[in-house]
Amino acid sequence: MQPTAISQLIRKRRSIFPKTYINQPIAKEIIEEVLENANWAPTHKMTEPWRFKVLVDDALIRLRDWQVDWYHKNTPPEKFSDKKLQKLQTKPLKAGCMIAICMQRNEKARIPEWEEIAAVACAVQNMWLTTTAYNIGAYWSSPGYIRDIGPFLNLKEGERCLGFFYMGHHETPEVPANRQSIKDKVEWL
Ligand SMILES: Cc1cc2nc3c(=O)[nH]c(=O)nc-3n(C[C@H](O)[C@H](O)[C@H](O)COP(=O)(O)O)c2cc1C
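Residues numbered from 1 in each chain as written. Predicted model: local features only at pLDDT ≥ 70, side-chain atom pairs only at ≥ 80, totals over all residues.

S.K.: Go over the overall build of the chain, please, and point to the residues and values.
M.R.: Assigned secondary structure in the chain consists of six helices and four strands. Secondary structure elements of the chain occur, N-terminal to C-terminal, as α-α-β-α-α-β-α-β-α-β. Taking 16 Å as the expected radius of gyration for a compact globule of 189 residues, we find that the chain reaches 18 Å, a close match to that expectation. Projecting the C-alpha coordinates of the chain onto the three principal axes gives extents of approximately 55 × 45 × 40 Å. Here the chain, with 189 residues, has 24% of them falling under the buried criterion. Pairs at least 24 residues apart make up 83% of the contacts formed inside the chain by residues separated by at least 6 positions. (Helix = DSSP H or I, 4+ residues; strand = E, 2+ residues; numbered from the N terminus. Rg over C-alpha atoms; globule rule 2.2 N^0.38 Å. Buried ≥ 20, exposed ≤ 12 C-beta atoms within 10 Å, placed from the backbone. Contact = placed C-beta atoms within 7 Å.)

Right, here's the structure in full:
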């Protein structure tokens, strides 16, 4: 592979949000490829802490219902927003697939939690680059309610949800990138 090819792919990756997704299912083979590539992330002591829950079709409706119910039960009247509620009611159904991004602690390995979260984030980057290569829109969503989503996702002991990876075929024109210069973030010692 040409080094320029990986640079192009990395810089082409963008957060593409559900409002621009089109109503077209994502092929199962592509979802499996995304997950397979996640599995090749680096991992300290080979704990491979990434865990994923794939939501398509009916599961997206069940998540929609769960998050709407959560919002009703957990939002004080003065903070309640009809706009926010409407977003919660529509967003999951715009997705072709949502993948819950989870991390499984391994007490025996005795490595800090941050390293396990870092490994999961590396796995997500692999997923994101894969969706970019397939021209499928994706983004990592980390709503506050994920702290309560354990029972819905059937999380095991020591397993924690870090957000959702939304995926959808889309019609977004090229999204402009926005980064401050790397020069301001690097010191050569
Ligand atoms: C750990 C993590 C959590 C994120 N959570 C959210 C989120 O909850 N809502 C959101 O709109 N974007 C979320 N994002 C996406 C960022 O907003 C996005 O990556 C950033 O704006 C840069 O845009 P780009 O991905 O197109 O380069 C998250 C990104 C990361 C890495």
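S.K.: Describe unusual backbone geometry, listing the residues and the values that go with them.
M.R.: Backbone geometry places arginine 110, a non-glycine residue, at a positive phi of 50 degrees. Within the secondary structure layout, arginine 110 lies in the loop between strand 2 (97-104) and helix 5 (113-133). A positive phi angle, near 55 degrees, is found at asparagine 135, a position not held by glycine.

S.K.: Tell me what's going on with the sheet that holds strand 1 (residues 50-55), and back it up with residues and numbers.
M.R.: A sheet is described by the order of its strands in space; here four strands give the open sequence 1-2-4-3, paired in antiparallel fashion. The open sheet terminates on both sides in strands that have one partner only, identified here as strand 1 and strand 3 (137-141). Here the average twist between neighbouring strands, direction ignored, is 25 degrees. Alignment of strand 2 against strand 4 (residues 159-168), held across eight bridges, turns out to be antiparallel. (Pairing = 2+ DSSP bridges. Axes fitted to C-alpha atoms, helices over the stretch in contact; angles between N-to-C directions.)

S.K.: Pulling in residues and values, what's your account of the environment of leucine 153?
M.R.: By the secondary structure assignment, leucine 153 is in helix 6 (residues 150-153). Along the backbone, leucine 153 and alanine 100 are 53 residues apart, and their C-alpha atoms lie at a distance of 8.1 Å.

S.K.: For the pairing of strand 2, give the residues involved together with the corresponding values.
M.R.: Burial analysis of strand 2 places seven of its eight residues in the buried class, the great majority of the element. In this sheet, strand 2 lies alongside strand 1 in antiparallel orientation, the contact comprising six bridges. Looking at the pairing, tryptophan 50 lines up with methionine 103 of strand 2.

S.K.: Residues and numbers for the environment of leucine 162, please.
M.R.: With respect to the secondary-structure elements, leucine 162 resides in strand 4. A sequence separation of 19 residues divides leucine 162 from proline 143, and the C-alpha atoms of the two residues are 9.0 Å apart. Aside from chain neighbours lying at most four places away, what touches leucine 162 is Ile101, Cys102, Met103, Ile117, Val120 and Ser142.

S.K.: I'd love a proper account of the nonpolar core, names of residues and values included.
M.R.: Ranked by internal contacts, the top residues of the largest apolar core, which has 31 residues, are Met98, Ile101 and Phe165. If one sorts the elements of this core by residue count, strand 2 sits on top with seven residues. Those residues within four positions of isoleucine 101 in sequence are excluded, and the remaining contacts are Phe52, Val120, Val124, Trp140, Leu162, Gly163, Phe164 and Phe165. (Core = buried A, V, L, I, M, F, W, Y, C linked by C-beta atoms within 7 Å.)

S.K.: Give a detailed account of the site of the ligand, specifying residues and quantitative values.
M.R.: For the ligand, the full set of nearby residues is Arg14, Ser15, Tyr139, Trp140, Ser141, Ser142 and Gly163. Ranked by residue count, the leading element in the shell around the ligand is strand 3, at three residues. Taken together, the residues of the shell around the ligand sort by class into two nonpolar, four polar and one charged. (Near = placed C-beta within 6 Å. Nonpolar A, V, L, I, M, F, W, Y, C, P; charged D, E, K, R; others polar.)

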